[in-house]
Number of protein chains: 2
Amino acid sequence: MRILWYNKDMIYLDHAAATPVTQKALDAMLPYFTELFFNPSAPYLPAKHVREAYERAKDDIAHVIGAKGADLVITSGATESINLAFTASHGKVLVPTTEHAAVLEAAKNRNHGLINVDKTGLIQLDDLRSQLTDEVDLISVSLANNELGTIQPLAEVAEIVRTVRQNRLERGITMPLFLHTDASQALNLIEISVARLGVDLLTLNAAKCGGPKGVGALYVAHGIKLHPISFGGGQERGLRSGTENVPGVIGFATAATESKKHLAGNRKKYQEMSNYLRQVIKNPTETHSDAPIVAQNSEKVKHNLNSPTKSTQNSPAHSIPEPIFLGNPKKQLANFVPVCFPGLDAERLVYKLEAEGIFVSTGAACAANKGTKSHVLAAIGLSDEEIAGSLRISLGSTNTQDQIMNVAPKIVEIVRNEYIRLAERSLK
Amino acid sequence: MRILWYNKDMIYLDHAAATPVTQKALDAMLPYFTELFFNPSAPYLPAKHVREAYERAKDDIAHVIGAKGADLVITSGATESINLAFTASHGKVLVPTTEHAAVLEAAKNRNHGLINVDKTGLIQLDDLRSQLTDEVDLISVSLANNELGTIQPLAEVAEIVRTVRQNRLERGITMPLFLHTDASQALNLIEISVARLGVDLLTLNAAKCGGPKGVGALYVAHGIKLHPISFGGGQERGLRSGTENVPGVIGFATAATESKKHLAGNRKKYQEMSNYLRQVIKNPTETHSDAPIVAQNSEKVKHNLNSPTKSTQNSPAHSIPEPIFLGNPKKQLANFVPVCFPGLDAERLVYKLEAEGIFVSTGAACAANKGTKSHVLAAIGLSDEEIAGSLRISLGSTNTQDQIMNVAPKIVEIVRNEYIRLAERSLK
C-alpha cells in the first residue's frame, strides 16, 4: 500500500483519530468524481452504470460484516449512523459511560441510562442486567472503545438481550429490545459478523479504515423500523435522503474490503509493535530481546535503547513512577497503547513528541479540541492528575517496525526528561 | 477546465441533476485524502494545518455568497442543509408547491402551508401574504426551481417578510419570521449575496456547481437558533457533529470560487446556447441566422438543420403540435430549457436521444427514479399528458457550441419522428 506523506520522516501514531485514504481506495474513487459523475437516479445508461457500481459497493461493504447491501443505510459518517440507529428507540436506551460522544449525546437527547464499566473499560454486565427494565428498548455498546481500545463482550450482551426478549415474550410484554454496536474503531482489527455478534444495528465509519471522511453506514436487521432524521428525495429506502455520495461509497467499499483481506496479518503486526512499545516504555533500561519485533533488528534496538539510558545515567531515575497501561490487556484492539504517566502533563508530551516528528494524541480528537478532560478516562476511575498524564498511541497502516523501534526510546527519553524536570523543579 | 469523459462523443444536457467535479476542485481535494488526511481536531501541527485549510475553505465558500465562514454550517448536502434550516421553526412554515422534495418533505413533517405558483412557476405573492398568519415563523422559497429554472422574486418575498416583522413588532407579537432559500440550483448561474437577497438562511450544494457529492452548506444569519438533527462531538459550533469532510469542503470551495469567477461569461454562453436550442426546437424548418450561436458557425448550422428537414419532407408535418417551453422566459436560469412536447412520451424521447449519445432527463432525478410524475409540472397546471411529454434540458460546463448545434436538429428529428409514429399509428 503506497501512502503519500505530509512529511516522509513523520511517525503517525494516531490512527484512531484518522487514517489516510489508501491508494487503492483513492484510485477506485477517482473516476466517480469526473467521467462517472452522473446522478445515480438519472434515467440514461451511464447513470444506471453508476447506480450499479454504487449498489455493488454497498454489497461489498455489507459483505465485510456478513450482511447484504440491502441491509445497509449509507450515511455521512458514524455520528449520523448512530443517531439514525437511535431512532429505533421509543422507550429508554442504555449505554456504557465510556461510549463515543456521538452515542452519549444521542442518548442524552432521549430517555436513557448509563451503564458502568470496570477499571479496564469493560461494561459491567451486572449493572446492565439491573438497569434492563421493561421500558428499555435499545442497548448501544461499542465493539471497541475509541480511547482505550477495550473490546466489549458483545456476544455476552447479545445473550442477555436474548434472555430478556424471551422473558418479555413469556410475560406478554410487547416492548422490543434492540442491540446496536458502534464498530467504527474495530472494522480493520476485528473480524465482524453481524450474525455472530448478535446485533440488530451496527455502525461503520469509512474514515477509520482507509476510506474517505464523510461516509458511514448503518446495518439494520430486518424488521427494525427506523425514522429518518432528515427528509427529501427518499434515497436509501426513504431512510436517508440526498443524492448518493457515489465516490465516497466506492472508496469505503474498497478500503473495507482491503482491510478485511489483510486483517489477520495487520493485527499480528500491530500486536507485535504494541507489545514492543509497552515493553520498552515499561522497562526502559532493559534490552528487549524477547520482543518479536526485535528478532529482525536486534542490533539496532540495543543501540537505540542504550543511547537515551546513557544520556540520563546521572539523573534521578529512581523517582520515575511506573507508567500505567490503560484498557483491558486481554481484550484490547491490537493497535492501541493507551498509557498514563502519572504526574506528567500529556499535552507537553504531545508537543515534545511532535518536535521529534511523532504524532500522538491525548484522547478523542473532538474532545481534545474542546479542551475538556476525557470522559472515558474519568469513567474508568482515573484521577484528574492521571487523566492529565495520559496519551493515546494508536498504530496503523502507516507504521513500520523500524518506526516503532525508533519511536520507543524517544518516548522513554522524553518521559524521563519530563520527570527529571518536575523533580528538579520541586527541589528548587 | 479539463473534464474527463465517460464517452468522448456523449453530449450531457442534465447538469441540473449532477455536474462533474472540476479538475481544479479535484486537484485541490487530492492531498487531503492522503498526505493531509489528519483529523482537523487533532493537536499536532499538521492537523492544525488541515484545520486552517478547512476553515479557509469555509471562508471561501461564504465569500461567494457575501458571508463569512463562521456563518456557515457544513453539511452532507442540500437535503441536510434544508432539514437543519427548518429547525429554526417552532410554528408554521410556508413553502411554494414547486419546491424540491427535500423542502416539501421537511415541511410536511411540520405544521406547514403550501403557496401556489403561477403557470410559469413564480410564487404567487398574494397567496403568500394571505397565508402569512402570526403562527408562521419560516418561509422557504428556492432561489431557482430545479425543474423549471424559474427564478423566484426573493427580494420581493424578503420585502414582505420585513413588512410582516414590522407589523408584528407594532402589535407586540414576538413570533419571529425567517426566510430560507434553497440556492442549490442557482449558485453557478446567479450572483448570490445573502444581504442583497435579504435571506436569513441559505442552502448550498457542492455537487451542483462542480464540487463533490456529499457536501453542502447552510448559511445562518446571526441570532437564529437552530437545533442539531444529530448529536455527537460538537463540530460546526455544535450544530453538525462528525469528523469534518475536509477534502469535500476543499473541493466545494474551489468549485464555488471558480464558478463565481466565470459566472457572467458562463451565463452568457448558456443563454446563447439555450436561445438557439429553443429557436431550433420551435421552428425546425427555419435557418437560425439570427441566433448568436450561429454567427460563428453559420455554414454548419444550415447544413445540420436542412438534413433532418429533407429526410422527413414527405411526412405529415402539419400534424406536429407546437412545443411548449416551460418556466418563466424572463426569470429563468440561463442554462434551463424545460420543454413539453404535447402527446409524446418523454421517456421514449430520453431513450431515443440516449441512442444518439445525448443525455437529458424528464425531471428531478430522485423523482424520475421512483417513476412518479413531476409534482412541479402538476403544480404549474400541466395536464398528465403534458407532464408525460416534458423534458428537462439543462446546459452546463461540459457543453460546447458545436455540441448544441449538433444536438438541436437531432432533437427536432426525434420529436418529429415520434409524432409521425403516433400519427401513423392512429391511421391504422
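In this convention, every chain numbers its residues from 1, walking through the sequence in written order. Lettering for chains starts from A, numbering for ligands starts from 1, and both go in the order in which the items are written. For a predicted model such as this one, the threshold for reporting local features is a pLDDT of at least 70, and the threshold for listing and counting side-chain atom pairs is 80 or more; totals across whole chains, interfaces and linings nevertheless cover every residue. The side-chain numbers reported here are obtained from all heavy atoms of the structure, hydrogens and water having been left aside.

### Remarks on the pairing of strand β10 (residues 336-340) of chain B
All names here are of chain B.
Right, so step 1: With respect to burial, β10 is a largely interior element, five of its five residues being buried.
Right, so step 2: Covered by surrounding structure in β10 are Phe336, Pro338 and Cys340 together with Val337 and Val339, the residues of both alternating faces.
Right, so step 3: Only when DSSP finds a minimum of two bridges between them are two strands counted as paired. Helix and strand labels come from DSSP, where a helix needs a run of H or I of at least four residues and a strand needs a run of E of at least two; each type is numbered from the N terminus. Sheet topology places strand β9 (residues 324-325) next to β10; two bridges connect them, and they run antiparallel. Bridging from a neighbouring strand, Phe325 pairs with Val339 of β10.
Right, so step 4: Here β10 pairs with strand β12 (residues 390-394) via five bridges, running antiparallel. Counterpart to Phe336 in the pairing with β12 is Ser394. Three labels apply to residues, based on accessible area from a 1.4 Å probe with only protein chains included: buried if under 20% of the type maximum, exposed if over 50%, partly exposed otherwise in between.

### Focus on the sheet that holds strand β5 (residues 136-140) of chain A
Note: strands within a sheet are paired through backbone hydrogen bonds, in either parallel or antiparallel orientation.
Residue and element names in this part refer to chain A.
Right, so step 1: In spatial order, the strands read β2-β8-β7-β6-β5-β3-β4; together these seven strands make up an open sheet with mixed pairing. Pairing within the sheet leaves two strands with one partner each, and these edge strands are β2 (72-75) and β4 (112-115). Across the sheet, the mean angle separating the axes of adjacent strands is 20° when strand polarity is ignored.
Right, so step 2: Bridge count for β2 against strand β8 (residues 216-220) is four bridges, and the pairing is antiparallel. Bridging from a neighbouring strand, Val73 pairs with Leu218 of β8.
Right, so step 3: Contacts between residues were defined by any pair of non-hydrogen atoms, one from each residue, lying within 4.5 Å. Between N-to-C directions, angles cover 0 to 180 degrees, with each direction set by a line fitted to C-alpha atoms, over the stretch in contact for helices. Sheet contacts for helix α2 (residues 45-64): β2 and β7 (201-205); angle to β2, the most-contacted strand, approximately 110°.
Right, so step 4: Across the sheet, helix α4 (residues 101-108) lies against β3 (92-96), β4, β5 and β6 (178-182), angled at about 150° from β3, the strand it touches most.

### Let's talk about the relation of the copies chain B and chain A
Right, so step 1: The atoms used to superpose the copies are C-alpha atoms, taken from residues with pLDDT of at least 70 in both, and the fit is least squares. The two copies are related by a screw operation: chain B maps onto chain A through 180° of rotation and 0.0 Å of translation along the axis, at an RMSD of 0.0 Å. The two molecules are tied by a two-fold rotation axis, judged by turn and shift.

### A closer look at the packing of aromatic side chains
The description of two aromatic rings rests on the distance between their centres and on the angle between their planes.
Right, so step 1: Here is the rule: rings of Phe, Tyr and Trp (six-membered ring for Trp) pair when centre to centre is within 6.5 Å. Planes less than 30 degrees apart are stacked, more than 60 are edge-to-face, and the remainder are tilted. Under the definition given, this model contains 15 aromatic pairs over all chains.
Right, so step 2: The interplanar angle of 85° and the centroid separation of 4.8 Å between the aromatic rings of Tyr12(A) and Phe37(B) together place this pair among those described as edge-to-face. Placement of Tyr12(A) in strand β1 (residues 11-12) and of Phe37(B) in the loop between α1 (23-33) and α2 (45-64) is noted, with the two residues assigned to different chains.
Right, so step 3: With a centroid separation of 5.1 Å and 20° between ring planes, the pair formed by Tyr44(A) and Phe359(B) is classed as stacked. Within this pair, whereas Tyr44(A) is found in the loop between α1 (23-33) and α2, its partner Phe359(B) is found in strand β11 (residues 358-359), the two belonging to separate chains. In this structure, Tyr44(A) and Phe359(B) share a single accessibility class: buried.

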